[in-house]
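For reference, the chains in residue letters:
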Amino acid sequence: MNKCIISVAITGQFPTKEQNPSVPITPAEIAKDVYECWQAGAAVAHLHMRDDNGKGTMSIDKFVETVELIRKTDCNIILNCTTSGDLNATDETRMIHLAKVKPEMASYDCGTMNWAHSTVFYNTPPFLEKLGKYMQAHNVKPEIEVFDTSFIYNAIHYIKTGVLKAPAHFQFCLGVPGGTAATVDSLVYLKNLLPEGSTWSAFGVSVHHLPILMATIAMGGHVRVGLEDNLYYAKHQLATSNAQFVKRAVRLIEEAQREVATPDEARQILGLNK
């Protein structure tokens, strides 16, 4: 794979402006960042929403407002909406926005885990079955989030049972406490478990961001960057924007003699219908 898709995770559920003033919170701030990242070379924008107090929310109104702002521009970036933006959300509120805003992609967290040694990230089998079928009904491509090895085996089961369609797209989320460590050994191991024909992307959180970014580029995968995963651009240096991360990814991809995929090239690679 010479083409490399850059996904940008704009805000996530947890980062705050107190931690980094550049974290976008409002729909207008998120939409502005998406546009700037698209201009910088990102092909996919992974979207979380925040409520009026800056907390993660699955508010359908926030999704609608933000997506409408993005679509009013000339930006043709692929929108990838979260289905896990609030740990207290119900099964219904984790899915219902997909039918309303009709993103091309959405996250599919394929297992349950102890999250950051503080809580449980629930993704029960009944919910995953409902979500997979709901995504198929609304023509939304799942991005299968892999925080631990078992998530891949769960995904293989759901592909066999028709809950998910092949070829599938996997996102390796490395370095979250309670999940798989952000090491090159982990990355190679997970990649080798994927069903034939799958596409894959990876990121490492916090200090693991840059090593996993470079290893993924070298291994022919796609990459994810952004303030959701990493508040620092370098040691003791806060990132100034999401676009700053995208621009660095572009430079590294080109230095590795690969090519940055445009949104339409990413659609072809991922098998999306615009």
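Just above, that's the structure.
Residues numbered from 1 in each chain as written. Predicted model: local features only at pLDDT ≥ 70, side-chain atom pairs only at ≥ 80, totals over all residues. Heavy atoms only, no water.

Another aspect to go through is the overall build of the protein chain. For the protein chain, the count of helices and strands is nine helices and 16 strands. Taken along its principal axes, the extent of the C-alpha atoms in the protein chain is 45 × 40 × 40 Å. When contacts within the protein chain are restricted to residue pairs at least 6 apart in sequence, those whose partners lie at least 24 apart make up 72%. Element-wise, carbon and sulfur atoms account for 52% of the exposed surface of the protein chain, whose accessible area totals about 11,900 Å². Averaged over its 25 positive side-chain charges, the protein chain has a centre that lies 2 Å from the centre of its 28 negative ones. (Helix = DSSP H or I, 4+ residues; strand = E, 2+ residues; numbered from the N terminus. Contact = heavy atoms within 4.5 Å. Areas by Shrake-Rupley, 256 points an atom, 1.4 Å probe, with all protein chains shown as cover. Lys, Arg positive; Asp, Glu negative; His and termini not counted. Charge placed at Lys NZ, Arg CZ, Asp CG, Glu CD.)

Overall, the coordinates contain one cavity of 30 Å³ or more when judged by the stated rule. In this structure, the largest cavity spans a volume of roughly 50 Å³. Around the largest cavity, the lining residues are I5, S7, V44, N80, M105, E143, H169, Q171, S201, H222 and L270. Of the residues contributing to the lining of the largest cavity, the split by class is four nonpolar, six polar and one charged. (1 Å grid on protein atoms, 1.4 Å probe; cavity = no way out; pocket = protein on both sides within 12 Å on 5 of 7 lines; lining within 4 Å. Points joined across faces, edges and corners; volume = space filled by probe spheres on them. Nonpolar A, V, L, I, M, F, W, Y, C, P; charged D, E, K, R; others polar.)

Below, the discussion takes up the nonpolar core. Of all hydrophobic cores here, the largest spans 80 residues; its most connected members are I6, L47, Y108 and F172. Formed by nine residues, the second largest nonpolar core is a distinct cluster that contains A43, I78, A266 and L272. (Core = buried A, V, L, I, M, F, W, Y, C linked by side-chain atoms within 4.5 Å. Buried < 20%, exposed > 50% of the residue type's maximum accessible area, 1.4 Å probe, protein only.)

With that out of the way, let us pick up unusual backbone geometry. A negative phi angle is the norm for most residues apart from glycine, just as the trans form is the norm for most peptide bonds. Of note, the amide linkage connecting A166 to P167 takes the cis form, showing an omega dihedral of 0°. Here P167 shows up in the loop between helix 5 (149–160) and strand 11 (169–174). Even without glycine at this site, N139 takes up a positive phi of about 55°. Within the secondary structure layout, N139 lies in the loop between helix 4 (125–137) and strand 10 (141–146).

Between helix 2 (residues 60–71) and helix 3 (residues 91–101), the shortest axis-to-axis distance is 10 Å and the interhelical angle comes to 35°. Crossing of helix 2 over helix 3 shows right-handed handedness. Of the residues in helix 3, those in contact with I60, F63, V64, V67 and R71 of helix 2 are I96, H97, K100 and V101. Its residues placed into classes, the contact of helix 2 with helix 3 shows six nonpolar, one polar and two charged. (Axes fitted to C-alpha atoms, helices over the stretch in contact; angles between N-to-C directions. Left-handed = near helix turned anticlockwise from the far one by under 90°.)

This paragraph deals with the environment of E228. Following the sequence through the fold, E228 ends up in the loop between strand 13 (222–225) and strand 14 (232–234). When the C-alpha atoms of E228 and T16 are compared, they prove to be 9.7 Å apart, with 212 residues separating the residues in sequence. Those residues in contact with E228 that lie beyond four places of it in its chain are A9, I10, T11, G12, P15, H46 and H48. In terms of polar contacts, E228 uses its side chain to reach the side chain of H48, at 3.5 Å. Separated by 3.3 Å, the side chains of E228 and R224 make a polar contact. (Polar contact = N/O pair within 3.5 Å; in protein donor to acceptor, adjacent residues only side chain to side chain.)

For the rest of this paragraph, the subject is the side chain of N123. Examined against the element boundaries, N123 turns out to sit in the loop between strand 9 (119–121) and helix 4. Of the residues examined, N123 reaches a relative accessible area of 2% and is grouped as buried. A distance of 2.8 Å separates a polar side-chain atom of N123 from the backbone oxygen of G111. The residues contacting N123, other than those within four sequence positions of it, are R94, D109, G111, T112 and L128.

The next point concerns the sheet that holds strand 11. Taken together, the eight strands give a closed barrel; going around it, the order is 2-3-6-7-10-11-12-13, and neighbouring strands pair in parallel fashion. Taking each pair of neighbouring strands and ignoring which way they run, the sheet shows an average axis angle of 25°. Sheet topology note: the strand 11/strand 12 (residues 199–204) ladder contains six bridges and is parallel. Bridge assignment links C173 to a residue of strand 12, and that residue is F203. Helix 2 contacts strand 3 (44–47) and strand 6 (78–81) of the sheet and is inclined by roughly 170° relative to strand 6. (Pairing = 2+ DSSP bridges.)

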